[in-house]
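Remarks on the overall topology
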Amino acid sequence: MNMAMPPESAPTPQPFLSHDLVGALPEYVVITRTDGRILWINRVPPEHGPESPIGQNAIDYVLPELRESYRAAFRRATESGTPQEVDVAWDPPTGAARMWFSVSITPVRDGELTGCFVLVARDITQRLRLEGALRDAQAQFRVHFNSHPLPTFVFRIERDALIFHEFNTAALPFTNGRIAEMIGFTDARLWSDDPPTLDAIRRCARDRVGVRHVTDYRMFTTGEQKRLCLYFAYVPPRFVVAYVEDLTEQQRALDALRQSEARARSFFDAAIDPLWDLDLVHGSVVASPSQYRLLGYEPNKIDLSLDRYLSHIHPDDLPTVQAKFDACVRGEQPFYQSEHRLRTRDGQWRRIVARAVVVGRDEQERALRMVGYDRDVTAEREAEERAQRILAQHDHLARMSSLGEMAAAIAHELNQPLAAIVNYAEATRRRLESGAVASDELADRLAEIARMGQRAGDVIRRLRAVVGRRASQPAATDLNDTIRESLALFEPEARLAAVHLETALAPDPGRAMVDAVQIQLVLLNLIRNAMHAIAGLPEAERRVLVRSERCGATLRVAVVDRGAGLSDEVMARVFDPFFTTRPDGMGIGLSLARTIIESHSGRIGAERNVGGGCAFWFILPLLGGESRQVAE
Amino acid sequence: MTQTLTAKTAAVFVVDDDPDVRRSVADLLQSDDLPVRAFDCGQAFLDAADPEWCGCVLVDVRMPRISGLEVLEEMNRRGLRLPAIILTGHGDVPTAVRALRSGANDFLEKPYNPRDLLDRVHRALACDAERRAGLELRQQIESRLAALSQRERQVMERVIRGEPNKSIAAALGITIRTVEVHRARMMAKLGCEHITELVRMLVQVEPPG
């Protein structure tokens, strides 16, 4: 190289090649001095603006964060004496978009320009932009591919086979994650025992068309037998994408449907549930064999008339059954449904659920024919009742344990003064026996004993105060709702005890400002007492009536039973704490009830019914026009 | 049985936080001529407790801060061997088991019959007296054993194993005559006249096995 250019004095260097030739190069050729200042440049990029770059330090054209690698390239070039490549970016002062250059740095080792550097900068902005766009497109494709809900598999078309190339995220659970082991498998290996599918994917690759193919396939990965719908799509230049839709569940549903249709055809003949077809005009019944067996007859051995059928229904249930049946026949109800007891021919009681519809009416809308079934739910109901009995026991235990805790606390409180009383009494007795007691000593002991008696009384008073104060959360309440909820809690128990719970609720119950839970506790106590009172009566008389009546600005709620009633003496004491007539009673319920009702500014009482039994009632004030709180 | 409480440190120790109960129990015990020391909480009792005390403890299970059971457990830890009767409001099985495990000798459910209480107290006192008598005897024997010289002790150990004087002499490298002298001195120091008496006495100090 022969470059005649003085380092300092001559600012315009002599071109070392034809000036025009260098000027025509697509790259920028720059000569810098040792200190980096630009001596010469073949041409100035249009983005640079009008100012001359000559005399500027070349490093000023490099983005600050890239300067370190730029300097390093210079150092490497100086040390090695060979050209070094470095990529740099430049933000043109004209405000044009950032430009990228790949710069080759060569130190000049001889001639006049010794110590200078020749920089050849290639504009790579466009290339980087294209690379970035390609990367974005690829990333986008990957997102689509991976988020596609169908398991998707990509095959690479090779000369004589399709090679399993990759798969998306949905393919992982579909194959229990084992799909990854199969990358690189040929199509022939994947579908070795499924030639039609192999044929389908090859047709897609060969003819460059989409192919839909349904196959029953034993999964290579999991061994499951599946019905799959495969969509093969050709993706230029050399890929086939397979989307897989799992039709196994659909197929199963379809099979089940077919089966149930077949079942329906032989329904009547083989009915497990007893079926009947009633001719309402003649009162005759065609019944399935199972219906005969339910009633205890040989199938088709007797003439099963409506009257005979009705004679099997429990007399207590008959009026209800008849009413529901008639309502359906008259068309007031779309179907007849009833749960009642049926007596079999050998005298056993079965509990059944019956359901039927009218299937034919004449021009006057008279029902002609009715079809239905009787389902024997005896075992189910027994199981339910067993479960409920267990639940009731749990409930009872839970209530007893909280009462038990309370009782233990009370017992301790009462035990203390009682212990003191018996101690003093015994000590005094012994002293009297030995004759060694002065009368003032005796008087002291007796005073102590009396004081201990007072202390025991205080315990009881405190207890009532505590119970009355506990967690009162008054809210405007429809007491009819509270009554219904309380009765609902008793339903299982009532059914077991064959007690009829009845209501006669006021149509205008108004609202009372009460703690509904506490009132419910009162009702539970009253209802439970009533149920105890009637436990010994014949079933028809085992009735408990809960009545609510509006009396001016109050609501009177009564729990009425037809039990043995209470004597005057008992009636006078029922609300006393710890008074009970039951051997297992604690005598807390009614005392608590009174405390609760009185804390709600109400009254509670008991009275004898004219016709026997007794009624426990309470009266609570109702809210007036505007919401006002009843004294707590 | 009041003679069991002749020692000046002897008493029925009543621990109950309820002043009414505490005073009435004390009155009951005093009506039976039993000396009483009452404490209003477990801590007060434990602070005052002395290993020299004899008698018995009557402690309520349900007390604030330190429960009756905890008092018993602490007594065990400190080696206070007074028999204890625990009074419980509800004689449920878990409480009873825990009480007996904590070292209670007895437990009494409230409400109790006061005569029953006195009976149990006397039983506990008798038990304590017996324990203390045994203890005293042991201490006596131990002090007598301590008075033996080393030689006398060696001779004693072989005598109770039934070795004749001749083999003792050979084993200890002394003359039979010397063995006889040591043996006579040993028996005199221990206050025994016959070898069976010696064995019975030593069994009380160190139970066999």
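Residues numbered from 1 in each chain as written. Chains lettered and ligands numbered in written order. Predicted model: local features only at pLDDT ≥ 70, side-chain atom pairs only at ≥ 80, totals over all residues. Heavy atoms only, no water.

**Concerning the packing of aromatic side chains**
Evaluated as defined, the whole model comprises 17 aromatic pairs over all chains. Look at phenylalanine 45 of chain B and tryptophan 53 of chain B: their rings are 6.0 Å apart centre to centre, the planes differ by 45 degrees, and that puts the pair in the tilted class. Each member of the pair, phenylalanine 45 of chain B as well as tryptophan 53 of chain B, is classed as buried. Members of the aromatic cluster, connected to one another through ring pairs, are Phe153, Phe155, Phe164, Phe167, Trp191 and Phe232 of chain A. The positively charged end of arginine 189 of chain A is found above the aromatic ring belonging to phenylalanine 185 of chain A, 3.8 Å away from the centroid. For arginine 355 of chain A, the ring lying beneath its charged end belongs to phenylalanine 335 of chain A, and the centroid distance is 4.1 Å. (Phe/Tyr/Trp six-rings, centres within 6.5 Å; stacked < 30°, edge-to-face > 60°. Buried < 20%, exposed > 50% of the residue type's maximum accessible area, 1.4 Å probe, protein only. Lys NZ or Arg CZ within 6 Å of the ring centre and 35° of its normal.)

**Quick notes on the sheet that holds strand β2 (residues 36-39) of chain B**
Residues and elements named next belong to chain B. Read across the sheet, five strands follow the order β2-β1-β3-β4-β5 without closing on themselves; strand pairing throughout is parallel. This sheet does not close on itself; its edge strands, each paired only once, are β2 and β5 (106-109). The mean angle between the axes of side-by-side strands here comes to 20 degrees, regardless of whether they run parallel or antiparallel. Strands in contact with helix α5 (residues 114-146) are β1 (10-15), β3 (54-60), β4 (84-88) and β5; relative to β3, the strand with the most contacts, it is inclined by about 140 degrees. (Pairing = 2+ DSSP bridges. Helix = DSSP H or I, 4+ residues; strand = E, 2+ residues; numbered from the N terminus. Axes fitted to C-alpha atoms, helices over the stretch in contact; angles between N-to-C directions. Contact = heavy atoms within 4.5 Å.)

**Some words on the pattern of salt bridges**
Here the structure, examined in full by the defined rule, presents 48 salt bridges over all chains. Ionic pairing is found between arginine 369 of chain A and aspartate 277 of chain A, a salt bridge with its closest N-O pair at 2.4 Å. Here arginine 369 of chain A, found in strand β15 (residues 367-376), pairs with aspartate 277 of chain A, found in strand β11 (residues 275-279); they are 92 residues apart in sequence, far enough to count as distant. With a relative accessible area of 38%, arginine 369 of chain A lands in the partly exposed category. For arginine 78 of chain B, the salt bridge is made with glutamate 74 of chain B, and the minimal N-O distance between the two is 3.0 Å. Placement of both arginine 78 of chain B and glutamate 74 of chain B in helix α3 (residues 68-78) is noted, with a separation of four residues, approximately one turn of the helix. When salt bridges with common partners are traced through the structure, they connect Glu426, Arg429, Arg430 and Glu433 of chain A together with Asp32 and Arg115 of chain B into a single cluster. (Salt bridge = Lys/Arg side-chain N within 4 Å of Asp/Glu carboxyl O.)

**Quick word on the nonpolar core**
All names here are of chain A. Counting residues in hydrophobic clusters, the biggest one holds 40 residues, and the most contacted among them are Ile519, Val522, Leu523, Ile527, Val559, Phe616 and Phe618. No other element matches the eight residues that helix α15 (residues 516-533) contributes to this core. With residues up to four places along the chain from it excluded, the contact list for valine 559 reads Leu523, Leu526, Ile527, Ala530, Val544, Leu545, Val546, Cys614, Ala615 and Phe616. Ile179, Cys204, Phe232 and Val240 belong to the second-largest nonpolar core, a separate cluster that totals 27 residues. (Core = buried A, V, L, I, M, F, W, Y, C linked by side-chain atoms within 4.5 Å.)

**Focus on the pairing of β4 of chain B**
All names here are of chain B. The element β4 is largely enclosed, with a buried count of five among its five residues. Alternating residues of β4 divide into Ala84, Ile86 and Thr88 and Ile85 and Leu87, and every residue in both groups is buried. In terms of strand pairing, β3 meets β4 through four bridges, oriented parallel. In the strand pairing of β4, valine 57 is matched with alanine 84. A crossover connection joins β3 to the parallel β4 through α3; in handedness this β-α-β unit is right-handed. In this sheet, β5 lies alongside β4 in parallel orientation, the contact comprising four bridges. (Right-handed = clockwise from strand over helix to strand, strands pointing away.)

**A few points about the packing of α15 of chain A against helix α17 (residues 589-599) of chain A**
Each pair of packed helices can be summarised by the angle the axes make with each other and by the distance between the axes. All names here are of chain A. Contact pair α15 / α17: the axes reach a minimum separation of 9 Å and the direction vectors enclose 145 degrees. Of the two elements, α15 crosses α17, and the hand of that crossing is left-handed. For the pair α15 and α17, the contacting residues are Gln518, Ile519, Leu521, Val522, Asn525, Leu526 and Asn529 in the first and Gly589, Leu590, Leu592, Ala593, Ile596, Ile597 and Ser599 in the second. A per-class count over the contact of α15 with α17 returns nine nonpolar, five polar and no charged. (Left-handed = near helix turned anticlockwise from the far one by under 90°. Nonpolar A, V, L, I, M, F, W, Y, C, P; charged D, E, K, R; others polar.)

**Concerning the interface of chain B and chain A**
Counting residues at the interface gives 21 residues for chain B, matched by 19 residues for chain A. When the buried surface of chain B facing chain A is broken down by residue, Asp20, Asp27 and Arg62 of chain B rank first, second and third, together holding 28% of it. Our count for the chain B to chain A interface comes out at seven salt bridges. Between aspartate 27 of chain B and arginine 445 of chain A there is a salt bridge, with the nearest N and O atoms lying 2.3 Å from each other. (Buried area = accessible area lost by both parts, 1.4 Å probe.)

**Considering the environment of isoleucine 604 of chain A**
All names here are of chain A. Looking at the secondary structure, you find isoleucine 604 in strand β21 (residues 603-608). Separated by 14 residues in the primary sequence, isoleucine 604 and phenylalanine 618 place their C-alpha atoms 4.1 Å from one another. Setting aside anything within four residues of it in sequence, one finds isoleucine 604 in contact with Val522, Phe575, Ala593, Arg594, Ile597, Trp617 and Phe618.

**Focus: the pairing of β21 of chain A**
All names here are of chain A. In this sheet, strand β22 (residues 614-621) lies alongside β21 in antiparallel orientation, the contact comprising six bridges. Bridge pairing in β22 links arginine 608 to cysteine 614. Where β21 folds back on β22, the antiparallel hairpin that results is connected by five residues, among which glycine 612 adopts a positive phi of roughly 105 degrees.

**Here we look at the sheet that holds strand β12 (residues 284-287) of chain A**
All names here are of chain A. Spatially, the five strands line up as an open sheet ordered β12-β11-β15-β14-β13, and their pairing is antiparallel. The open sheet has two edge strands, β12 and β13 (336-343), and neither has a second partner. Across this sheet, the average inter-strand angle for adjacent strands is 30 degrees, counted without regard to direction. Bridge count for β11 against β15 is five bridges, and the pairing is antiparallel.

**Thoughts on the packing of helix α6 (residues 150-160) of chain B against helix α8 (residues 176-190) of chain B**
Residues and elements named next belong to chain B. It is at 9 Å that the axes of α6 and α8 come closest, and there the two elements cross at 90 degrees. Taken together, the axes of α6 and α8 are roughly perpendicular relative to one another. From α6, Arg151, Glu152, Val155, Met156 and Val159 reach across to α8, where they touch Val179, His182, Arg183, Arg185, Met186, Lys189 and Leu190. In terms of residue class, the contact of α6 with α8 is built from six nonpolar, one polar and five charged. (Parallel < 35°, antiparallel > 145°, perpendicular 65-115°, else oblique.)

**Notes on the environment of aspartate 568 of chain A**
Mapping aspartate 568 of chain A onto the fold places it in helix α16 (residues 568-573). Between the C-alpha atom of aspartate 568 of chain A and that of arginine 608 of chain A, which follows or precedes it by 40 residues, the distance is 9.4 Å.

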